[in-house]
Structures are given as structure tokens and as C-alpha cells.
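Survey of secondary and tertiary structure
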Amino acid sequence: MSEESAPGPKESPPAAPRAGSREVWKKGGRLLSVLLAVNVLLLACTLISGGAFNKVAVYDTDVFALLTTMMLLASLWILFYRLSDELWSARQGGLVLFGICTLVMDVFKTGYYSSFFECQSAIKILHPLTQAVFVIVQTYFLWVSAKDCVHVHLDLTRCGLMFTLTTNLAIWMAAVVDESVHQTHSYDSSHSNTSHLRLAPDSERAGSSVGGDCSCNTAICQIFQQGYFYLYPFNIEYSLFASTMLYVMWKNVGRLLASSTHGHGHGHTPSRVSLFRETLFAGPILGLMLLVVGLAVFIIYEVQVRGEGGRTQQALVIYYGFNITCLGLMTLVSLSGSVIYRFDRRAMDHHKNPTRTLDVALLMGAALGQYAISYYSIVAVVVGTPRDLLGALNLAHALLMIAQHTFQNVFIIESLHRGPPGAEPHGTTPKESCHGLTFANQDALHTLPACPPTPRLVGSNPVGPQEAVAIISAPRGHWRRRCLKDISLFLLLCNVILWIMPAFGARPHFSNTVEVDFYGYSLWAAIVNICLPFGIFYRMHAVSSLLEVYVLS
């Protein structure tokens, strides 16, 4: 976990004036870094959006030049930053995975532009090479420095972190625009229309910015071209992951660490986690079944949609059918988890916890992407003219997507605010010992407030192990913990398969033409390409949060 989980120590009265001035300067440093980020981001947004259209005299080479300069400056700042030896493993896995895919994408992009180097601007080859260096340097930086709480050169560090964060957002915007333009250009070409967008580097427009006649006729060139567009979603996710971790580091600049352990993390973080310990096995088994079935559905969908047999509608019916079933079960399970918490006597943790606050903000913010897609789909289906099976399935899928995100967020947020197992109910005093009493009825024990929840058998007559087990049973809340562990594991596995499908290329949003016909391809492609990465990010962050819920249950 990040050191952001550690709140600052309480201040003594004599140090109050100095601490107050320190807080004012801290806010001023943050304001300076935010202003720098906003101005750089607006400049990048202006060039990226302007370079996408032929009617604007901004070429894609100008966009690549800006991004290359930003990545070089951010890499230079990272190299001068003091690296620490601590590790942050909570979100490193996703960052490294997407980083590797981004490097592969840069290799493909370099190979593609190198195929017709004589008629291309050198910046188009320099850009992917610079991005590869930037990804390597930044990933190593986040791997070793994510827990840093810097107390020297505070303003410089804040500005450097914000500039690096802005660089990642600019890369994300450029990737979204480039992917949207490529999809629109492909769609228009298949429908014999003329595209008014320029950033898509298809063969007939590869040299548009320099006036050359470039063509991608060789097989290796076409492999590079298709390969790096296929890997664009991973580049988008990498930028979002890196931006999140950089924001955490920015918040931690100047933070003071408390010496006590109270408030660290969400509760406790054991060194080893057994995923199937103290569960009823129903949740993990059902979740694994859905994971396997989902992989089969994903393969069938990709084969039938990309095939030439015209079986797209059948593939969509299978895809929507599985997703509706999975989302429906996840909604019911999340609701049951919230109901179980109504009987939970553990105290709610209302202490200020920056890490928990950030986790909740990421869950709620990332869910907005899928909310937006779902509401756009609902409007298209309800207002549009088609009334067929696919329309009904699309509507049910959109409604269940909204319900599932809502109730899963409620369950996760409530779980993160619960105390660890064995925490006393809110407002109760520590219980005194009941030694010397013998209980024949375990249920009667819980009517006595002064008795511990797990007493030991006391009596003059010795009893065997079997009799002792019969008399002293498990705590009454044990079944609740097992149910909550099953629920968290089931939701975790379902989120994994719902992440795999869109992350690896499933796009029913374009195969189902309801929204395309209603909004037009250009607008709908922009909506999906902007919002869907947040939905993919939500699934990965939900997996991380549900794993923590499992530990806390």
C-alpha cells in the first residue's frame, strides 16, 4: 500500500503556528503544480484535437513533436529524482503488464513507420522510440519510488510529478483520438465514404503531412500496422494507471508519517493471503465456472465476428446472454453482501484514511465511464426505431451494467469501512473475563455483555475433545465472515473475466449497429474510446479492492 495510508501525527500546541504556516505553503506549492499541469494539458489538448482534422492546419507531426518533447522532459526529471529502495506492490502488476504491451506497441509502430522512411518525417520514428524509453524509465521510477514521502525540494517535486502526470494524460488523449480516427476511417472506407480525419496512419494517408506518396503494401508493414492498433487499449490503460500512481505520489509530498500503527491501510495486511481459506467454496467454484465459460464465449465471439460467415448476430446474442447472466448474478450477490452487513456487529471505521478515500474516489470515478456508455445505449435503444432481440438484449445489458456497478460499489465501500475481524461493536467497552463460569448453552453466553466472544470451557469435570467442541462452538459471526469471503471471491473472479473481454478486443458496441445508426460512427467511436478505458480500469481496481475486502472479512 502507499504511504498515503499513513496520516500525519497530531500536532502539539506549541508547534501550531509553525505547522499552520507549513500547511499554507503546502497548499501554495500544490496550487503552483496544478496550474502548471492545467496549462500544459490545455496546450496538448488543443494540438491533439486540432491535428485530427484536415480543416485545421495542425499536422500529426506537430502532435508527435509535442508529445516527444514532453516525454523527454519528464524522463529527464525522473532521472534526477531521488530513487528509494521501497516497493509498492498493490498496483504494480497491472502497470508492468500494460507497460510491456506498450513497449510491444512502440516496436510495431517503429517498424510500421520505418517501412517507408524515405517519405516520412523523422519525428514519426523518433516518437515511438522516445515513448519506449519513457515507459521504461517511468515504470522503474514508479516501481521503486511510489512510497516516497519527499521533504526536500517540495515545489520542484510537485511540479515534476504533475508534469509527468500531464504527459501521461496527453499520451492517453492522443491514443484515444488516434484509435477513434482509425476506426472511423476504416468504417468510412468500407462504406465508400470520404474521411475528414487525418491522424489515422493508413497506407493511403501515411504521408499526408509531408506530401509524400507512401503505401503499406508489404505483408510485414501490414502486420506492424494492425498490431500496434490492436495494442492501443493497453497503452491507454498504462497511461491511466501511471497517472493514478503519480497522483498518489503528488499527494504524499511533504506528508508526515505517524509512529503509531493506527490508521495504516484499511486494517491489516498479512504477509500471506490464502484465497480459499475459511470459505464455503460456493463463491470460488461459481466464479471459476463463469471465468471459464466467459473465456469460451469471448473466443467464440471473436471468431464469429471477425469471420466471413455473417454470424455476427449469433455472436452478439451469445455475448450479451453471458454478460446479462454474469451481471445479474453479481448484482444479487452484491446485494446479499450488503444485507449481511446489516447483521454485522463490527464497528464502522470513520477515521480519516487517505488511502481508503482514494480507493473510493477511483471506484466512483472510473465507474462513470461505463455509466456513460450504458446511458447512451439506453437512449439509442429506447428512442431508436428497431425493436428486435438484439435491441432488447442491449437494453437489458445496459441496465444491468448500471445496477451492477452501483451495488458492487456500495458493497466494496461498506466493506472497506468495516473494522478487522474481532473488532468491538461501536460504543461498547472492553469485555471482562468470565472465568469460573460453565456454560452448557453457547447461545446464552452472548446475552451476557461482560463475556468474551470466544470463552474457554471451564469446569471441574474433564471432558474429551469432542464434547468440548460440541459445547464451545465457533463464534456466531463466523458464518457471516465465510459468506463475505465467498462473495468477495465470486465478485473478484467475475470482474477478471469482465476485464479480459474488453481489454483484449471485444467491441460489441460497434458490432451491434443500434448506437452506430443512432449517433453516427464518428461520435459513437469517440464516446466508446473515451469512456471504455475507464471501465477497464474500474474492473482492475475492483479486483484489487475485492482482494482487500476478502482479507478484511
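Residues numbered from 1 in each chain as written. Predicted model: local features only at pLDDT ≥ 70, side-chain atom pairs only at ≥ 80, totals over all residues. Heavy atoms only, no water.

1. As for the overall build of the protein
- Across its full length, the protein holds 17 helices and zero strands.
- Classification of the 553 residues of the protein by burial places 52% in the buried group.
- The contacts in the protein between residues at least 6 apart in sequence include a share of 84% that link residues at least 24 apart.
- A total accessible area of about 26100 Å² is found for the protein, and carbon and sulfur atoms account for 66% of it. (Helix = DSSP H or I, 4+ residues; strand = E, 2+ residues; numbered from the N terminus. Buried < 20%, exposed > 50% of the residue type's maximum accessible area, 1.4 Å probe, protein only. Contact = heavy atoms within 4.5 Å. Areas by Shrake-Rupley, 256 points an atom, 1.4 Å probe, with all protein chains shown as cover.)

2. Here we look at the side chain of His405
- As for its placement among the helices and strands, His405 is situated in helix α11 (residues 389–416).
- Judged by its relative accessible area of 1%, His405 falls in the buried class.
- From its side chain, His405 meets the backbone oxygen of Met401 in a polar contact 2.9 Å long.
- Separated by 3.5 Å, the side chains of His405 and Gln404 make a polar contact.
- Not counting residues up to four positions away in its chain, the partners in contact with His405 are Ala367, Gln370, Tyr371, Tyr538 and Arg539. (Polar contact = N/O pair within 3.5 Å; in protein donor to acceptor, adjacent residues only side chain to side chain.)

3. Focus on the pattern of salt bridges
- Throughout the structure, instances matching the rule amount to one salt bridge.
- Note that Arg342 is salt-bridged to Glu414, the shortest N-O span being 2.3 Å. Here Arg342 is found in the loop between α9 (312–341) and α10 (354–383), whereas its partner Glu414 is found in helix α11, with 72 residues between them in sequence.
- On the accessibility criterion, Arg342 (54% relative accessible area) is exposed.
- Residue classification places Glu414 among the buried residues on the basis of a relative accessible area of 11%. (Salt bridge = Lys/Arg side-chain N within 4 Å of Asp/Glu carboxyl O.)

4. As for the nonpolar core
- Counting 130 residues, the largest nonpolar core has Phe141 and Phe411 as the members making the most contacts within it.
- Sequence-distant contacts of Phe411, that is, excluding residues within four places in its chain, are made with Ser334, Gly337, Ser338, Tyr341, Leu484, Ile487, Leu491, Leu546 and Val549. (Core = buried A, V, L, I, M, F, W, Y, C linked by side-chain atoms within 4.5 Å.)

5. Regarding helix α8 (residues 282–306)
- If you check α8, its first and last C-alpha atoms are 36 Å apart, about what 25 residues at 1.5 Å a residue would give, namely 36 Å.
- Residues Gly283, Pro284, Gly287, Leu290, Leu291, Gly294, Val297, Phe298, Tyr301, Glu302 and Gln304 constitute the buried set of α8.
- For α8, the secondary structure elements touched by its buried residues are α9, α14 (478–503) and α15 (508–511). (Expected span 1.5 Å × (residues − 1).)

6. Remarks on helix α6 (residues 219–230)
- Given a rise of 1.5 Å per residue, twelve residues ought to cover 16 Å, and the 16 Å separating the end C-alpha atoms of α6 matches this to within 8%.
- For α6, the set of buried residues is Cys221, Phe224, Gln225, Gly227, Tyr228 and Phe229.

7. Some details on the packing of aromatic side chains
- Scanning the model with the defined rule gives 22 aromatic pairs in all.
- Measuring from ring centre to ring centre gives 5.4 Å for Phe229 and Tyr232, while their planes differ by 55°; the resulting arrangement is tilted. Grouping residues by exposure puts Phe229 and Tyr232 together as buried.
- For the ring pair Tyr519 and Trp524, a centre distance of 5.8 Å and an interplane angle of 15° mean the geometry is stacked.
- Residue Trp524 is classed as buried on the basis of its relative accessible area of 0%.
- The ring of Tyr550 carries Lys485 above its face, with NZ or CZ at 4.2 Å from the centroid. (Phe/Tyr/Trp six-rings, centres within 6.5 Å; stacked < 30°, edge-to-face > 60°. Lys NZ or Arg CZ within 6 Å of the ring centre and 35° of its normal.)

8. Here's the deal with a nonpolar patch on the surface
- Among the surface-exposed residues, Leu73, Leu76, Leu79 and Phe80 lie close enough to one another that they form a single nonpolar patch of about 480 Å² accessible area.
- Within the secondary structure, Leu73 is located in helix α2 (residues 60–80).
- Residue Leu73 is classed as partly exposed on the basis of its relative accessible area, which comes to 45%. (Patch = residues over 30% accessible without salt bridge, like charges linked within 9 Å, V, L, I, M, F, W, Y side chains within 5 Å.)

9. Some remarks on the side chain of His127
- Mapping His127 onto the fold places it in helix α4 (residues 123–145).
- By relative accessible area, which is 5% here, His127 ends up buried.

10. What about the environment of Ala367?
- The residue Ala367 is located in helix α10 in this model.
- Under the relative-accessibility criterion, Ala367 is labelled buried at 0%.
- A sequence separation of 39 residues divides Ala367 from Thr406, and the C-alpha atoms of the two residues are 8.5 Å apart.
- In this structure, Ala367 is in contact with His405, Asn409 and Tyr538, ignoring residues within four places of it in sequence.

11. Details of the packing of α8 against α9
- Here α8 crosses α9 at 160°, and the two axes come no closer than 8 Å. It follows that α8 is roughly antiparallel to α9 by the angle criterion. Judged by the sense of rotation from one axis to the other, the crossing of α8 with α9 is left-handed. The segment α8 lies against α9, with Leu290, Val293, Gly294, Val297, Ile300, Tyr301, Gln304 and Val305 engaging Thr312, Gln314, Ala315, Leu316, Ile318, Tyr319, Phe322, Cys326 and Leu329. (Axes fitted to C-alpha atoms, helices over the stretch in contact; angles between N-to-C directions. Parallel < 35°, antiparallel > 145°, perpendicular 65-115°, else oblique. Left-handed = near helix turned anticlockwise from the far one by under 90°.)

12. Some details on the confidence of the model for the protein
- Put simply, the protein has an average pLDDT of 75, and 69% of its residues get 70 or more.
- Of the regions scoring below 50 in pLDDT, residues 1–17 engages in 44 contacts with residues more than four places distant in sequence or in other chains.
- In the model, residues 83–90 has pLDDT below 50 throughout and makes 25 contacts with residues more than four positions away in sequence or in other chains. (pLDDT = per-residue confidence, 0-100.)

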